[in-house]
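Structure assessment
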Amino acid sequence: MTTATPTTPTTPTTPIVNGRVIALAHYAGRAVLERVLARTGNTFNQSVTLRVVAIADTPIERDKVAADVSGSLKIEESAVRTTIDELVAAKLVEEVPSDGSGLRLTPVGRELFERVTAETGEISARIYADIPAEDLATAGRVLTLVTERANAELARM
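Here's a quick rundown of the structure. Predicted, not measured: the structure shown is a model, and the values here were computed from it. (Residues numbered from 1 in each chain as written. Predicted model: local features only at pLDDT ≥ 70, side-chain atom pairs only at ≥ 80, totals over all residues. Heavy atoms only, no water.)

Some remarks on the packing of helix 1 (residues 19–38) against helix 5 (residues 107–128)
If you want to describe how two helices pack, look at the angle between their axes and the distance between the axes. Our working rule: With axes taken as lines fitted to C-alpha atoms, and helix axes fitted only over the stretch in contact, angles between N-to-C directions fall between 0 and 180 degrees. For the purposes of this entry, the term helix denotes a DSSP run of H or I that reaches at least four residues, the term strand denotes a run of E that reaches at least two, and both are numbered from the N terminus. The crossing is said to be left-handed when, going from far helix to near helix, the turn is anticlockwise and less than a right angle, and right-handed when the turn is clockwise. The contact rule is simple, with two residues in contact once any of their heavy atoms fall within 4.5 Å. Residues are sorted three ways: Asp, Glu, Lys and Arg are charged, Ala, Val, Leu, Ile, Met, Phe, Trp, Tyr, Cys and Pro are nonpolar, and all the rest, Gly among them, are polar.
Running from N to C, helix 1 and helix 5 cross one another at 145 degrees; their axes reach a closest spacing of 10 Å. Helix-helix and strand crossings are classified by hand; for helix 1 and helix 5 the assignment is right-handed. In this structure, helix 1 uses Val 32, Leu 33, Val 36 and Leu 37 to contact helix 5, whose residues at the interface are Val 116, Glu 119, Thr 120 and Ile 123. Taken together, the residues of the contact of helix 1 with helix 5 break down into 6 nonpolar, 1 polar and 1 charged.

See the structure below:
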């Protein structure tokens with residue numbers, strides 16, 4: 001006669017924040033944005049670049065846009081400059097006539113930015129619904145610190 005070995009019930013545990021957990025959240029969110037952007041014919045890099053131009057109070061210099069996006073996405077400035085050229089060619093961004101280095105949204109670019117922002121805002125509201133404000137604040141502080149430390153490590157490399 002055999003006896004069964006008692007088993008310990010397993011309970012799901014909340015994962016500790018680490019690179020994988022952060023990456024999974026990032027890529028899930030990015031996939032949502034990519035699906036929204038696919039309907040517009042625009043890319044993720046174009047969206048990020050368009051946002052930098054859209055939130056500027058005044059026309060913003062190409063070099064500033066290239067530096068901001070390069071720093072955010074950790075890509076070469078030359079790639080961002082190509083993206084800027086794509087946005088200009090698509091008539092989403094235009095150079096300010098009086099200042100060849102300043103960029104601003106066109107009316108079509110503004111409409112696209114506002115449409116994508118509204119749609120992703122609705123989706124984000126559903127994603128973050130019912131998460132306590134204190135948890136969001138803690139996550140924000142932790143992720144900001146992780147970003148600062150990762151950027152410091154990149155600077156040392």
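What follows picks up the thread again.
Some thoughts on unusual backbone geometry
Cut-off, in case you're wondering: Remark: exposure states derive from per-residue accessible area (1.4 Å probe, protein chains only) relative to the maximum for the residue type, with buried under 20%, exposed over 50%, and partly exposed in between.
At Lys 74, a residue that is not glycine, the phi angle is positive and equals roughly 60 degrees. For Lys 74, the position within the fold is in the loop between helix 3 (62–73) and helix 4 (77–89). In the Ramachandran plot, Lys 91 falls in the positive-phi region, its phi being about 60 degrees despite a non-glycine side chain. Within the secondary structure layout, Lys 91 lies in the loop between helix 4 and strand 2 (93–96). Residue Lys 91 is classed as exposed on the basis of its relative accessible area of 59%.

Remarks on the side chain of Ser 70
You can see Ser 70 is positioned in helix 3. With near-sequence residues (within four places) excluded, Ser 70 lies in contact with Ile 75, Glu 76, Glu 77 and Val 80.

Topic: the pattern of salt bridges
This is how it is decided: Every case where a carboxyl oxygen of Asp or Glu lies within 4 Å of a side-chain nitrogen of Lys or Arg is listed as a salt bridge.
Per the stated rule, a full pass over the model turns up 10 salt bridges. A salt bridge links Arg 81 to Glu 77, with the shortest nitrogen-to-oxygen separation between them at 3.2 Å. Of the two residues, Arg 81 and Glu 77 both sit in helix 4, 4 residues apart, roughly one turn of that helix. With a relative accessible area of 32%, Glu 77 lands in the partly exposed category. Through salt bridges with shared partners, one network takes in Arg 62, Asp 85 and Glu 95.

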